[in-house]
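Commentary on secondary and tertiary structure
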Amino acid sequence: MVDVLNQSEIDKLLSAIASGEANAVVEEPGKSVKVYDFKRPSKFNRDQIRAFQMLHEAFGRYLTSTFSAMTRSVVSVDIANVEQIPYEEFVRSVASPTTIAILEVNPLGGKAILEVSQHLVFALIERLLGGKGAPPSHIREFTDLEFSIVDKILHRVLKELDESWKTIENNVRFKLSGIESNPFFVQIAPKTEMMLLVTIRVQVGVTEGKMNLGLPYHTLEPILDKFNPQEWFLSKDKTLSEEERDKLREKIEGVEVPVTAELCSAELTLREIHDVSLGDVINLGVPISQPGVVKVGAIPKFSATFGKTEKGNIAAKVLEIFYEEY
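Nothing here was measured: the structure is a model prediction, and the numbers come from that model.

Moving on, we get to the nonpolar core. Core analysis: the biggest nonpolar cluster contains 51 residues, and Phe-52, Phe-67, Trp-165, Phe-174 and Met-211 have the highest contact counts within it. Beyond its immediate stretch of four places on either side in the chain, Phe-52 contacts Phe-44, Val-82, Trp-165, Leu-196, Leu-215, Leu-220, Leu-224 and Phe-227. Residues Tyr-87, Val-94, Ile-100 and Ile-102 belong to the second largest nonpolar core, which totals 13 residues.

If you want it as structure tokens, here you go:
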């Protein structure tokens, strides 16, 4: 915010300059000074950082579905920050003990690091073992059983990370090569090398924790030119080739979708349900000749009549396909 001087302050400043007590600074036109910190050189431009954020926002959405399914609870995952910092600064900012996954980034040849706060890991473990997901009273090392669960969790996370990175490079794969608890035992880059740090906020029940994905500059350098948001938007408009269509068809063929058949529905109060007895007739409000609806997921897709087969199984006969929303 720019400070505005009042008239008395302007008069004092002019008198000080006239008396020689203050020197007037005259800026030369066309020249400007930009502060540059040689200890923190900028390796990533603004567009590249924005591209990284967009990429990992998709990773956050994938991870939300994965964690929610694993823990059978509502899990929230969002990107808190994306910045570039020296590797040494990142190591010093990490508390110990913590969960640090050392990742091989193939085929780029470099390594990356994924740090998950201990509170978050213990909350996930407790949910997977049937608990409420409350954080532990104190931070400690993992037992052998807990360590095997952590390994499975990390592999699920890397699977979603691979999926999100297909936007940039289809062949990039993250492979878990080791797990450490002390950040000072991990050296994947020189101390002064800049790395891209993606901070991810995760909410599991009442517990909130963070994940930090660190990618050194030398690891990303071979594909850094591909981090251009404008190319991503243009690529969305292109038509899929037959090979791409086959890959997409192969991925969705194994997806299981629930199918339900509804004849009709009615609303009853608790009192009416309580008073129902043998022989009562409930008026459903539709004639028996009216067809029912078959839903795929939550979307009505077919009109159908219901009956039984010769073997006595309940069946539905499709009468009409709904090409638009019912």
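A word on the sheet that holds strand β10 (residues 314-321). Taken together, 4 strands build an open sheet; the order of strands is β7-β8-β9-β10 and the sheet is antiparallel. Taken across any chain shown, the strands that pair with only one partner, and hence form the sheet edges, are β7 (259-262) and β10. For this sheet the average axis-to-axis angle between neighbouring strands, irrespective of direction, equals 35°. Sheet analysis places β7 next to strand β8 (residues 292-296), joined by 4 bridges and oriented antiparallel. Within β8, the position partnered with Thr-260 by the bridge is Lys-295.

Further remarks concern the packing of helix α2 (residues 46-71) against helix α5 (residues 144-165). The geometry of α2 relative to α5 is characterised by a closest axis approach of 9 Å and an angle of 140° between their N-to-C directions. Taken together, the axis directions place α2 and α5 in an arrangement best described as oblique. Remark: the crossing between α2 and α5 carries right-handed chirality. On the side of α2, the interface is formed by Phe-52, Leu-55, His-56, Ala-58, Phe-59, Tyr-62, Leu-63, Thr-66, Phe-67 and Met-70, while α5 contributes Ile-153, Arg-156, Val-157, Glu-160, Leu-161, Glu-163, Ser-164 and Trp-165.

On to helix α4 (residues 118-128). Of all 11 residues in α4, 8 are buried; the element is thus mostly enclosed. Three or more residues of α4 are buried, namely Gln-118, Leu-120, Val-121, Phe-122, Ala-123, Leu-124, Ile-125 and Arg-127. Buried-residue contacts for α4 involve α2, β2 (99-106), β3 (110-116), α5, β5 (194-204) and β6 (207-216).

On to the packing of α4 against α5. Packing of α4 against α5 leaves a shortest axis separation of 10 Å and a crossing angle of 100°. Comparing the axis directions of α4 and α5 gives the class roughly perpendicular. Packed against α4, whose contacting residues are Val-121, Phe-122, Leu-124, Ile-125 and Leu-128, the element α5 presents Glu-146, Ile-149, Val-150 and Ile-153 at the interface. Broken down by class, the residue content of the contact of α4 with α5 amounts to 8 nonpolar, no polar and 1 charged.

Cut-off values and rules
- Sequence order as written defines the numbering, with residues in each chain counted from 1.
- A pLDDT threshold of at least 70 governs which residues receive local features in this predicted model, and a stricter bar of 80 or more applies before side-chain atom pairs are shown or counted, although totals over entire chains, interfaces and linings include all residues.
- Here the side-chain values reflect all heavy atoms present in the structure, with hydrogen atoms and water set aside.
- We define the nonpolar core as a collection of buried residues of types Ala, Val, Leu, Ile, Met, Phe, Trp, Tyr and Cys that are connected through side-chain atoms lying within 4.5 Å of one another.
- Using a 1.4 Å probe on the protein chains alone, a residue whose accessible area is under 20% of its type maximum counts as buried, one over 50% counts as exposed, and one in between counts as partly exposed.
- Here a residue-residue contact requires only that any non-hydrogen atoms of the pair lie within 4.5 Å.
- Pairing between two strands is assigned when DSSP locates at least 2 bridges connecting them.
- Each helix corresponds to a stretch of at least 4 residues labelled H or I by DSSP, and each strand to a stretch of at least 2 residues labelled E; elements are numbered beginning at the N terminus.
- For helices, the axis comes from a line fit to the C-alpha atoms of the stretch in contact; other axes are also lines fit to C-alpha atoms, and the angle between any two N-to-C directions lies between 0 and 180 degrees.
- Angles below 35 degrees are treated as roughly parallel, those above 145 as roughly antiparallel, those between 65 and 115 as roughly perpendicular, and all remaining angles as oblique.
- We call a crossing left-handed when the near helix sits turned anticlockwise from the far one by less than a right angle, and right-handed when that turn is clockwise.
- Just so you know the grouping, Ala, Val, Leu, Ile, Met, Phe, Trp, Tyr, Cys and Pro go in nonpolar, Asp, Glu, Lys and Arg go in charged, and all remaining residues, Gly too, go in polar.

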